[in-house]
Every structure is written in C-alpha cells, then in structure tokens.
Amino acid sequence: MKKASIGGSEGNGVVTKRAWQVLGVTSLTNIAIGIDLSITNVAIPDMQSSFPSASTADLSWTLTFYMVVYAGFLIVSGRLADRFGRLRVLNIGFGIFIFSAVLTVIAPTVLTLITARGLIGLSAAMVAPASLGLAVGAWPVERRGTAVTIWGSTLGLSSAVGPIIGGLLIDAGSWRWAFSASIPVVVITLLWGARTLTESERNPDASRPDLVGSVSVTVAASGLALAIVQGREWGWGSPTVLGLLLLSIGAIALVARRITHHPAPIVPRELLQVSSFKIAAIAVFTFSLGFFSAMLTMVLYLVEIAEYSTSRAGLGVSVMAFAAFISAMFSGRIADRFGYRNVVVPGILLFVTGACWLYLRATSDITYFVDLFPGFILLGAGIGAGPALLTGAGVSEVDSANFSVAGAVMQTARQLAGAIGVALIVMILGSDPTTASFRSVFLYLAGVTFLSALIASRLPSRKQII
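Residues numbered from 1 in each chain as written. Predicted model: local features only at pLDDT ≥ 70, side-chain atom pairs only at ≥ 80, totals over all residues. Heavy atoms only, no water.

J.: Give a detailed account of the overall build of the protein chain, specifying residues and quantitative values.
T.: Along the backbone of the protein chain there are 18 helices and zero strands. For 466 residues, the compact-globule formula gives about 23 Å, and the C-alpha radius of gyration of the protein chain, at 21 Å, lands near that figure. Each principal axis of the C-alpha atoms in the protein chain carries an extent, and together these give about 60 × 50 × 45 Å. In the protein chain, which comprises 466 residues, the share counted as buried stands at 57%. (Helix = DSSP H or I, 4+ residues; strand = E, 2+ residues; numbered from the N terminus. Rg over C-alpha atoms; globule rule 2.2 N^0.38 Å. Buried < 20%, exposed > 50% of the residue type's maximum accessible area, 1.4 Å probe, protein only.)

Rendered as structure tokens:
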C-alpha cells in the first residue's frame, strides 16, 4: 500500500481535492460514533421493556462501561496507530464496531448488552485518534486548524441529530432498531475509505504503549462507578462495596507508579510540569462530572416525570446538543481575541445558570418552552464553550511534540469523569425517580460545574499563554 503524502497540498497552504475527500471520510467516523453514543441516552428507558427485571442503574452501564473503556484505551490506541499505521488501526476499530453493534442489536441479556457497549467503546478509542491523524496528515500545515474544527464539529452535529433519529426508530420499532442506525454509516465509511485513504508512515521505533496503565485506569473507574451505583442497595459498608473502593484505590496507585516509571506512560511526565495543562485537565474533569450526564438526566426526566414519548424526548433534548454545536462554532474565535479564561469561565457559568433554572422550574406539570427550553439552551451554550476551550487552554503551553497526547489526555479525563458522573446521577435518582430527586440532580449539576468554573478561573491570561 502506498504511503500518504505529507501535508496533502500542491502549493503553500493549498488544500487538494484528495485532502477534502480524506476529511469527508474521517468525519464520517465521528458521525457514526456520535449517533451511536447519543442514541444510548434515549434508548435506556425503552430497554426496560426488553429487560423488565433490570433497573435504570443496571442499564446505565451501557453508557458508563462505554465511556470507561473508551477512556482507558484512547491514549494507547493513539500510540498504536503511530506505531503500526493509522489506517490499519482505523479498519480494525471499525471491524470491532460492526461486530459489537450487531451484538448490541441481538443482545439476549443485560450482561451481553453491557459487554457489547464496552467493545464499542474500545472501537471508538481506536477509531477516533486514527481518523483525526489521517485527516490532519492529509492537510497542509497552515490549514490544519480548519481541518480539526470541521472534523470535531461533525461529532457535535451527529450528537444533536442522534437523539432525534434514535427516538423515531425506538417509537417505530424498539431500541434495537435505534442501535442499528450507525451500522450503515460505518459500512459507507469503510467502502469510501478503501478508495480514498492511504496508510500513514509507520514508526516502529515508537515507544510501546502502557497497556497495564490503561487497564488499571479502566479497572479504577469501573470499580468506583459500580460502588457508587450499587452502594445504596448493597450497603455502603458492605464487604463488596468496600472491596470495590479498595480495588479502585489500588488501581489508581498503580497508575501513578506507572506514570513515574514507564517509558511511555498514559500521561507523559513532562505534561505534569505544565501548570496550565494541569489546571485545564482538572477543570475539564470536574465540568465533565456534570455535562456528560446532563442529556441522560433530561431524557429520563421527560420520559419518567413529564411522560413524553421517546421520540418527543429525543427531539426535546436535541435542542441542548444543537445549542452546544452553535456555541462551539463561535466560542473559539472569541477566545482567540479575549483569551481562554475570559470565555471558558462565563461559558461554564451559563451551564450553571441553566441547571439552576431547571432546579427552580422542575415540576411534574411542565410547559416545555417555558420551563425547559431556556434551561436547555443555557446548558447547551455552556457545553459548547466549555470542554473544547478547556482543551485548547490545556495544550496552549504544551510543547508541539506533545499536542496530540495532551489532547488525548484531556479526552480521557472527560470520558472518565462522564462515567463517574452518570453513576452519581443514577445514585441520586434512585430506583424510583421523583420530581424531588431530579431537582437534586439539577442542584448537583450546578454545584459540580460551578466548581469547574472556580478552577478554570486560575488559568493564565491570554497574554501569559501567548
């Protein structure tokens, strides 16, 4: 197989037709991932019709385990793509995706379903860094910012339309129909990619990734999430819960040791010396404890309390994702002018305000455009201005050689926090959600994201970054 040409330009900064085609193919990978993940939020209530003995806490693992596995293997997959070829890793990842999606559709038990979702998390961890690397490699250096923006925006857009598609398919058939929606997108991507994509230059001398560290991250997050979700039922002082907490602590300690001793740890040691990176990583972690669980919370609220149909709930929460998409398109330009801190902090506070609005307006008798719509817009605007800009702030002082891995670490922090956040809201809602328990969740969302705003306020000013 021939190697991809470096830069993909015919002149200084000129983007070729092939570069656009590569960007189109790799952006389809985001559409497949975004649709699949966002559908999970609207599918969970309907899954209970197939598994009546399973609780919401049990079924929430279809989302939690996905995020845990994705986070655990994202950085390792990026290193493997550099070592063995991005196209090869991309194709293997999509092979796992198709197998796992089919397994999800036919899953006879909850355990099978959760396992299938974890495998899709693994495939997403393989596909995402490989597709971004292929896209960036096909564009001239001067225009790669545009390529990254377009590539990333497709994930946001697909996350907005996913709940609508999922809701319609669920009402027309079942949640199994909804999870089949991403399979045709993957098949089209593979066929188009076979004609368009060429293998990247391999680096056999690249350091071997820390697989032990990655597995330890997955074990730590899974153990903590399981303890949080089942703590009330099993007893917070029960041997099982205490054992899970000790397992998580031990796994975290092992990760810390691997970071200090492994030649290619999941978090490069030099990144920990960059103050802005550490602040941004902590801020994105705390913000993700709230924003990742916001859509699931609102779907459950609309279905359980407001008694919306699945398609109506999907359409209702899609407003939040569309607002995030639009906000993300403009927030980067504003941050370039006024600095990350001056945009990130107000952006996060928009999310806090939206959560407070929903806390005040939450009742069993709601008017969508009066009680929910303003809160959804504020939540979405905050999401659009938060994670992406925090990632930008985090890599702003990082050496260019570590840009990719720094961004991957930030994504890992987001996914880990998302898994823990979902576990926390499931714990707060309990087995029989009420309006009062949802108001508690909205208060939690406001509190944890306000903490993120306080942390982000410690980011350096634009002048210091530049």
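J.: Describe the side chain of Ser 293, naming the residues involved and giving the relevant values.
T.: On the secondary structure map, Ser 293 appears in helix H11 (residues 275-305). The class of Ser 293 is buried, set by a relative accessible area of 0%. Within the structure, Ser 293 has its side chain in polar contact with the backbone oxygen of Gly 290 (distance 3.0 Å). Here Ser 293 is in contact with Gly 421, Val 422, Ile 425 and Leu 445, once residues within four sequence places are set aside. (Polar contact = N/O pair within 3.5 Å; in protein donor to acceptor, adjacent residues only side chain to side chain. Contact = heavy atoms within 4.5 Å.)

J.: Let's hear about the pattern of salt bridges: which residues, and what values?
T.: For the coordinates displayed, the defined rule picks out three salt bridges. A salt bridge links Asp 36 to Arg 117; its shortest N-O distance comes to 2.7 Å. Here the residue Asp 36 occupies a position in helix H1 (residues 17-50), and Arg 117 occupies one in helix H5 (residues 110-137), the gap between them amounting to 81 residues. In this structure, Asp 36 and Arg 117 share a single accessibility class: buried. Residues Arg 258 and Asp 210 are paired through a salt bridge, measuring 2.7 Å at the closest nitrogen-oxygen approach. In this pair, Arg 258 is assigned in helix H10 (residues 239-261) and Asp 210 in the loop between helix H8 (182-196) and helix H9 (211-234), connecting sequence segments 48 residues apart. When its relative accessible area of 24% is taken as the criterion, Arg 258 is described as partly exposed. (Salt bridge = Lys/Arg side-chain N within 4 Å of Asp/Glu carboxyl O.)

J.: Please provide a residue-by-residue account of the packing of H1 against helix H3 (residues 61-84), values included.
T.: One can describe the packing of H1 onto H3 by two numbers: an axis separation of 9 Å at closest approach and a directional angle of 150°. On the basis of their axis angle, the class for H1 and H3 is roughly antiparallel. Listed contacts from H3 to Ile 33, Asp 36, Leu 37, Thr 40, Asn 41, Ile 44 and Met 47 of H1 are Thr 62, Leu 63 and Tyr 66. The residue makeup of the contact of H1 with H3, split by class, is six nonpolar, three polar and one charged. (Axes fitted to C-alpha atoms, helices over the stretch in contact; angles between N-to-C directions. Parallel < 35°, antiparallel > 145°, perpendicular 65-115°, else oblique. Nonpolar A, V, L, I, M, F, W, Y, C, P; charged D, E, K, R; others polar.)

J.: Run through the nonpolar core, naming residues and quoting values.
T.: Membership of the largest hydrophobic core comes to 149 residues, with the highest contact counts inside it found for Met 298, Tyr 301 and Leu 372. The element best represented in this core is H11, accounting for 19 residues. Excluding anything up to four places from it in sequence, Leu 372 contacts Met 298, Tyr 301, Leu 302, Leu 358, Ile 366 and Thr 367. (Core = buried A, V, L, I, M, F, W, Y, C linked by side-chain atoms within 4.5 Å.)

J.: Any details on empty space enclosed by the protein? Residues and values, ideally.
T.: Which parts of space are left empty comes out when a probe the size of a water molecule is rolled across the atoms. Applying the stated criterion across every chain yields a total of one cavity of 30 Å³ or more. The space that makes up the largest cavity amounts to roughly 40 Å³. Lining the largest cavity, in full, are Thr 56, Leu 300, Val 426, Leu 429, Gly 430 and Pro 433. When the residues that make up the lining of the largest cavity are grouped by side-chain class, the tally is four nonpolar, two polar and no charged. (1 Å grid on protein atoms, 1.4 Å probe; cavity = no way out; pocket = protein on both sides within 12 Å on 5 of 7 lines; lining within 4 Å. Points joined across faces, edges and corners; volume = space filled by probe spheres on them.)

J.: Could you give an account of the environment of Ala 107, with specific residues and numbers?
T.: When you line up the elements, Ala 107 lands in the loop between helix H4 (86-106) and H5. Excluding anything up to four places from it in sequence, Ala 107 contacts Phe 51, Thr 112, Leu 113 and Arg 176.

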